[in-house]
Amino acid sequence: MATDRESDDTRTAPEWAVGTATADITPDPADPHHLIGFSARDGTMDGVESTIHARAIALEDRTGRRLVVLSFELLFLFESQREFLERECAQRWDLEPESLFVVPSHTHYGPDYDVHREGLQEEYDRDEELVSSYRESVDRTLLEVVGEALEDLEPASLSYNYAQCAIALNRRRPHEEGIGFDPRPDGPVDHDLPVLTAETDDGTTKAILFGYACHPTVGMSHNEVSGDWPGYAMDHLEESYPEATAIFVIGCAGDQKAYPQGTRELVKQHAQTAATAVERALVTESRPVRGPLKLTADEIALEIENPVDGNERENRDVTDGVGKTVTDHRPYPIQAVGFGTDLTILSLSGEVVAEFSLQLKETLASPLWVAAYANNTGYLPTKRILAEGGYESWQSFEDGLYAPTTEERILTKATALAERVGARRRDA
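Since the structure is predicted, the reported quantities are computational estimates derived from the model, not experimental observations.

## What about the sheet that holds strand E9 (residues 168-175)?
Spatially, E10-E9-E15 is the arrangement adopted by the three strands of the open sheet, whose pairing is antiparallel. Every interior strand has two partners, whereas the edge strands, strand E10 (178-184) and strand E15 (256-258), have only one. Direction aside, the axes of adjacent strands within the sheet are offset by 50° on average.

As structure tokens, then:
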């Protein structure tokens, strides 16, 4: 039981302590790395267009509970990588697994680091030693920035702001032959751009966390290392706020793409648009974000279906429930972070399409921030997308499809976890 003096100390302690750290994870231009994200690429990388980074923002509430937002400019967070980070962070800093909020930027212009070949890149003549060496370097750097951010903790206040940004369009356009990989102006999109900032006692902006649902693929399949538009947007914000660390949190971008696309100039143009949207949010009235931190996570089993005859690749368009059977289950982690009753962040796994965030925001009261691409790889389709077919409906597996129950299971569990950390239903 806390003594009266301990209770008084807790009440008078600063609401938050915040620390940040950044490190370069750009590969050596002389090394023959293959970049991953586009199957159309040939050969090794041609060089480095822009540096890529690992960044960390550590938060500690007045009770001593901590959250580390860990960002890195690569394609995915692999399951084995998450397990490694959880284990090391627990041993070194006594961080609970729920205290790690890991956000890969999903850039398609980073080196192959998939030592277990869990990703979607087609086979090529891999230099296994080079891939393994780079992966070890990245994982080592991720731990370094976590430690540095925790050592950098100082009193700060948190604020939430919000704007919108319209660089993304839905990329699933119906054609006679099926679903094309083309812009669809009337398709589902999520243009919300949430922003969480930390200011020190002297008013200095120390950290900027911003989110948006859009693929970082504007440059198309060139062969130079780059963070694409999110990388340039983070760089721009750090130039505008010299004492700040800026982290991009990708949203439910599985079927979202920035248009127009295809040139280096457009990459920088979209980056400027996103950074300006963050700056626009910051001139609106801020909402104070108080503690305490509430952290939870859980895992559900998603059903995998195959046609009864086993010829999955020839049966992509089999009607739901007809001629299919559940053949496997795949674990699906979901994480929730609550900041008192002021803000809830949901972290979904994999390449979640925009309808997931739209439905969650219809169910749960704002401010709700829906992040994605954490903890595993592959597309997560809705029941509608499974029925329509197209790239996002089947790209997660060599054999099998997610069952039509996928959408409901994810939404139900995500809603329950959000409520555990302080979110409220709109109809409550």
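Now that the structure has been shown, we can carry on.
## What to know about the nonpolar core
Trp 229 and Leu 348 are the most contacted members of the largest nonpolar core, which has 92 residues in total. Each residue touching Leu 348, except ones within four places of it in the same chain, is listed here: Cys 252, Tyr 332, Ile 334, Phe 356, Leu 360, Val 370, Ala 371, Ala 372, Tyr 373, Ala 374, Ile 410 and Ala 414. Leu 67, Val 103, Ile 247 and Val 337 belong to the second largest nonpolar core, which has 26 residues in total.

## Quick notes on the pattern of salt bridges
Inspection of the entire model under this criterion finds 28 salt bridges. Among the charged side chains, a network of salt bridges with common partners joins Arg 171, Arg 172, Glu 355, Arg 384, Glu 388 and Glu 392.

## A few points about the sheet that holds strand E18 (residues 324-339)
Pairing is mixed across the open sheet formed by five strands, whose spatial order is E20-E19-E18-E17-E21. This sheet does not close on itself; its edge strands, each paired only once, are strand E20 (368-380) and strand E21 (401-402). Pairing of E18 with strand E19 (residues 343-352), which is carried by six bridges, proceeds in the antiparallel orientation. Directly across from Ala 336, in E19, lies its bridge partner Leu 346.

## So, the packing of helix H2 (residues 79-93) against helix H3 (residues 128-151)
How two helices pack is summed up by the angle between their axes together with the distance between the axes. Where H2 meets H3, the axes come as close as 11 Å, and the angle between the chain directions of the two elements is 40°. As judged from the angle between their axes, H2 and H3 are oblique. Once H2 is placed against H3, the crossing between them reads as right-handed. Of the residues in H3, those touching H2 at Ser 80, Gln 81, Phe 84, Leu 85, Glu 88, Cys 89, Arg 92 and Trp 93 are Arg 135, Val 138, Asp 139, Leu 142, Leu 143, Val 146, Gly 147 and Leu 150. Looking at side-chain class alone, the contact of H2 with H3 contains nine nonpolar, three polar and four charged residues.

## Some words on the packing of aromatic side chains
Per the stated rule, a full pass over the model turns up 10 aromatic pairs. When the ring of Trp 16 is compared with that of Phe 339, the centres are 5.8 Å apart and the planes differ by 55°; the resulting orientation is tilted. Of this pair, Trp 16 sits in strand E1 (residues 16-24) while Phe 339 is found in strand E18, placing the two residues 323 residues apart along the sequence. On the accessibility criterion, Phe 339 (1% relative accessible area) is buried. Ring plane angle 50° and centroid distance 5.7 Å describe the contact between Phe 38 and Tyr 109, whose orientation is recorded as tilted. Here Tyr 109 lies in the loop between strand E6 (100-104) and strand E7 (110-111) and Phe 38 lies in the loop between strand E2 (35-36) and strand E3 (47-48), a separation of 71 residues in the sequence. Comparing Phe 38 with Tyr 109 shows no difference in burial state: the two are buried. Linked through ring pairs, Phe 181, Tyr 379, Tyr 391 and Trp 394 together constitute an aromatic cluster.

## So, the environment of Arg 184
The residue Arg 184 is located in strand E10 in this model. C-alpha separation for the pair Arg 184 and Gly 338, spaced 154 residues apart in sequence, amounts to 34 Å. If we ignore the near neighbours within four places in the chain, the residues touching Arg 184 are Asn 170, Arg 172, Arg 173, Pro 174 and Arg 384.

## A few points about the environment of Leu 142
As for its placement among the helices and strands, Leu 142 is situated in helix H3. Leu 142 sits 269 residues away from Leu 411 along the chain, and the two C-alpha atoms are 30 Å apart. In this structure Leu 142 touches Ala 54, Leu 70, Ser 71, Phe 72, Gln 81 and Leu 85, once residues within four positions along its chain are discounted.

## Examining the side chain of Thr 197
Checked against the element boundaries, Thr 197 lands in strand E11 (residues 192-200). When neighbours within four sequence positions are excluded, Thr 197 is seen to be in contact with Ser 157, Leu 158, Ser 159, Ala 207, Ile 208 and Leu 282.

## Considerations on the confidence of the model for the protein chain
When the pLDDT values of the protein chain are averaged, the result is 91; 91% of them are 70 or greater. Confidence over residues 4-8 falls short of pLDDT 50; this stretch has two contacts with residues more than four positions distant or in other chains. Low pLDDT, under 50, characterises residues 317-321; the stretch is placed with six contacts to residues that sit more than four places away or in other chains.

So, how was this worked out
Residues numbered from 1 in each chain as written. Predicted model: local features only at pLDDT ≥ 70, side-chain atom pairs only at ≥ 80, totals over all residues. Heavy atoms only, no water. Pairing = 2+ DSSP bridges. Helix = DSSP H or I, 4+ residues; strand = E, 2+ residues; numbered from the N terminus. Axes fitted to C-alpha atoms, helices over the stretch in contact; angles between N-to-C directions. Core = buried A, V, L, I, M, F, W, Y, C linked by side-chain atoms within 4.5 Å. Buried < 20%, exposed > 50% of the residue type's maximum accessible area, 1.4 Å probe, protein only. Contact = heavy atoms within 4.5 Å. Salt bridge = Lys/Arg side-chain N within 4 Å of Asp/Glu carboxyl O. Parallel < 35°, antiparallel > 145°, perpendicular 65-115°, else oblique. Left-handed = near helix turned anticlockwise from the far one by under 90°. Nonpolar A, V, L, I, M, F, W, Y, C, P; charged D, E, K, R; others polar. Phe/Tyr/Trp six-rings, centres within 6.5 Å; stacked < 30°, edge-to-face > 60°. pLDDT = per-residue confidence, 0-100.

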